[in-house]
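Topology and contacts: notes
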Amino acid sequence: MSFVKGLKCKECGEVYPKEALHVCDMCFGPLEAAYDYEKIKGALSKELIESRGHNIWRYKELLPIDEEPTVGLKVGYTPLIRAHNLGNALGLSEIYIKNDGVCFPTLSFKDRVVSVALSKAKEFGYDTAACASTGNLANSVAALSRAGNLKNYIFIPYDLEQAKIVGTTVYGANLIGINGAYDDVNRLCSEVAGKFGWAFVNINMRPYYAEGSKSLAFEVMEQLGWRSPKHFVVPMASGSLLTKVWKAIKEFETIGLIEETGTKIYGAQAKGCSPITTALKNKWEIFKPVKPDTIAKSLAIGTPADGFYAMQVMNQSGGWGEDVADQEIIDGIKLLAETEGIFTETAGGVTIAVTKKLVEQGVLPKDESIVLAITGNGLKTQEAITNDVSQPHIIDANLEEFEELYDRLNNENQGGSEDAISAHSNTA
Ligand SMILES: *Cc1c(COP(=O)(O)O)cnc(C)c1O
Ligand SMILES: [Zn+2]
């Protein structure tokens, strides 16, 4: 049974059949999956969702597939953590981390979108998956295309982090590094997509792919006990995830799974690539493309495909957006690690740092529920912080040397904890 009516142009409303299309013939607007919400309302309930496996497909009526999913069956349902320590550090009473840094199988939220895109690609009969990526998408397409028995061609800017490259080629992927930035990669891929009959997950499959992002917000609402937070902070590259978080909340409201909350959506970017937040803050109608220069490579898209719609969502929801410098991103990564024991990548550092900034500006209130989308894993972007974390203390395997070190560490820690001091006096 299918709940997807077809594709619909976001600009002029023209309706298209469920095919591998992404642009409107009439107005060149982007196409989006359109659902029969009345039918879904009759078929889907909290009880039915709760009875299903802990993965994105527990919301399958709200994902754009017509048959049972075939790729990424265990993807999603990542932890939502009540972050008391981070809250104390920022002076916030109710803050949560949605930790997609541990999403299965490739440790970023991209596993959600790729599962949907490749399940749909297999319905369409494609035998080859492809993508233009800033890194995490490459990892996910490489892994899930293997598991789903599809061939792959993966295009990236040549200068990505080592872990994002190895985390792609380890699967035996056809990885193509382009001399240029993501926008050059994407331009080439649009030409390739027109010429080769592949399922390009974020080009001709984009209307299906993008819907997968909704599952992050569906999970948050279920994990909060079937409610939406007052505030949701989301990192932006193309801006797609942010628009889909909003769409997911509206859908749960429409089919009656949650009460209307008036959730405000906040977008986070790095200063070195902030076309969307810059346009928002300057009240421009449209963004100006930029040439990215930031350590947050996963967010480095200078011409964001959904930038316009992301601005609309931030404005209409009553939220806002901010951007932060590279040092603030590093500090954000360290703050989350030291308070909550979660090691996120640069994109997560952007989200933490932007949250801190919005709190300091008084834009985010201190006593209302706030969810932060932490979208990727820090082990993949270690280059960004290697010079900002301490090195191990190297000693010989010798008790005296360790005792000397122990004394020194305790003095440095301004006397250390009481436990440490009494443990020392016992041995002296
Ligand atoms: C791709 C990506 C994003 C943003 O994705 P968009 O939907 O293009 O805005 C955020 N965080 C991480 C870690 C990503 O890889
Ligand atoms: Zn149109």
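Residues numbered from 1 in each chain as written. Chains lettered and ligands numbered in written order. Predicted model: local features only at pLDDT ≥ 70, side-chain atom pairs only at ≥ 80, totals over all residues. Heavy atoms only, no water.

Okay, the domain arrangement of the protein next. The domains assigned to the protein are domain 1 (80-106 + 212-386) and domain 2 (394-428). For domain 1 versus domain 2, the distance between C-alpha centres works out to 41 Å. (Domains from an automatic or database assignment.)

This brings us to the coordination of the zinc ion (ligand 2). For the zinc ion (ligand 2), the protein coordination sphere consists of Cys9 (SG), Cys12 (SG), Cys24 (SG) and Cys27 (SG), at 2.3 Å. Note that the zinc ion (ligand 2) binds four donor atoms; their angles at the metal cover 98 to 117 degrees, and the shape is tetrahedral. As a motif over one chain, the donors of the zinc ion (ligand 2) read C-x2-C-x11-C-x2-C. What makes Cys9 buried here is its relative accessible area of 4%. (Donors = N, O, S within 2.8 Å, 3.2 Å for Na, K, Ca; no water. Tetrahedral: all angles 85-135°; square planar, octahedral: opposite > 155°, others 65-115°. Buried < 20%, exposed > 50% of the residue type's maximum accessible area, 1.4 Å probe, protein only.)

This structure, assessed with the given rule, holds 12 aromatic pairs. For the pair Trp226 and Phe252, a centre-to-centre distance of 5.9 Å together with 35 degrees between the ring planes defines the contact as tilted. Of this pair, Trp226 sits in the loop between helix H9 (214-223) and strand S10 (231-235) while Phe252 sits in helix H10 (residues 240-254), and the two are 26 residues apart along the sequence. For Trp226, a relative accessible area of 13% corresponds to the buried category. By relative accessible area, Phe252 is classed as buried at 0%. Taking the centre distance of 6.0 Å and the plane angle of 45 degrees together, the rings of Phe402 and Tyr406 count as tilted. (Phe/Tyr/Trp six-rings, centres within 6.5 Å; stacked < 30°, edge-to-face > 60°. Helix = DSSP H or I, 4+ residues; strand = E, 2+ residues; numbered from the N terminus.)

The next thing to look at is the site of ligand 1. Close to ligand 1 lie 15 residues; Lys110, Asn136, Ser238, Leu241 and Thr375 are nearest. Asn136 is positioned such that a nitrogen or oxygen atom in its side chain is 2.8 Å from an oxygen atom of ligand 1. Between ligand 1 and Thr375, the relevant distance is 2.7 Å, taken from a nitrogen atom to a side-chain nitrogen or oxygen of the residue. For ligand 1, the accessible surface in isolation is 380 Å², of which the surrounding protein chains cover 96%. Of the residues assigned to the shell around ligand 1, the class counts are seven nonpolar, six polar and two charged. (Near = heavy atom within 4 Å. Polar contact = N/O pair within 3.5 Å; in protein donor to acceptor, adjacent residues only side chain to side chain. Areas by Shrake-Rupley, 256 points an atom, 1.4 Å probe, with all protein chains shown as cover. Nonpolar A, V, L, I, M, F, W, Y, C, P; charged D, E, K, R; others polar.)

Where H9 meets H10, the closest approach of the two axes is 7 Å, and the angle between their N-to-C directions is 50 degrees. Classed by the angle they form, the pair H9 and H10 counts as oblique. Considering the relative orientation of H9 and H10, their crossing is right-handed. Contacts from Lys214, Ala217, Phe218 and Met221 in H9 reach Lys244, Val245, Lys247, Ala248, Ile249, Glu251 and Phe252 in H10. By residue class, the composition of the contact of H9 with H10 is seven nonpolar, no polar and four charged. (Axes fitted to C-alpha atoms, helices over the stretch in contact; angles between N-to-C directions. Parallel < 35°, antiparallel > 145°, perpendicular 65-115°, else oblique. Left-handed = near helix turned anticlockwise from the far one by under 90°. Contact = heavy atoms within 4.5 Å.)

Let us look at the sheet that holds strand S8 (residues 175-178). To summarise the sheet geometry, strands pair through backbone hydrogen bonds and adopt either a parallel or an antiparallel arrangement. With respect to topology, four strands assemble into an open sheet ordered S8-S7-S6-S9, the strand pairing being parallel. Each of the sheet's edge strands pairs with one partner strand only, and the pair in question is S8 and strand S9 (199-200). Here helix H5 (residues 136-147) sits on the sheet and contacts strand S6 (128-132) and strand S7 (151-157); the angle it forms with S7, its principal contact strand, is near 170 degrees. Against the sheet, helix H7 (residues 182-195) touches S6, S7, S8 and S9, its axis set at about 150 degrees to S7. (Pairing = 2+ DSSP bridges.)

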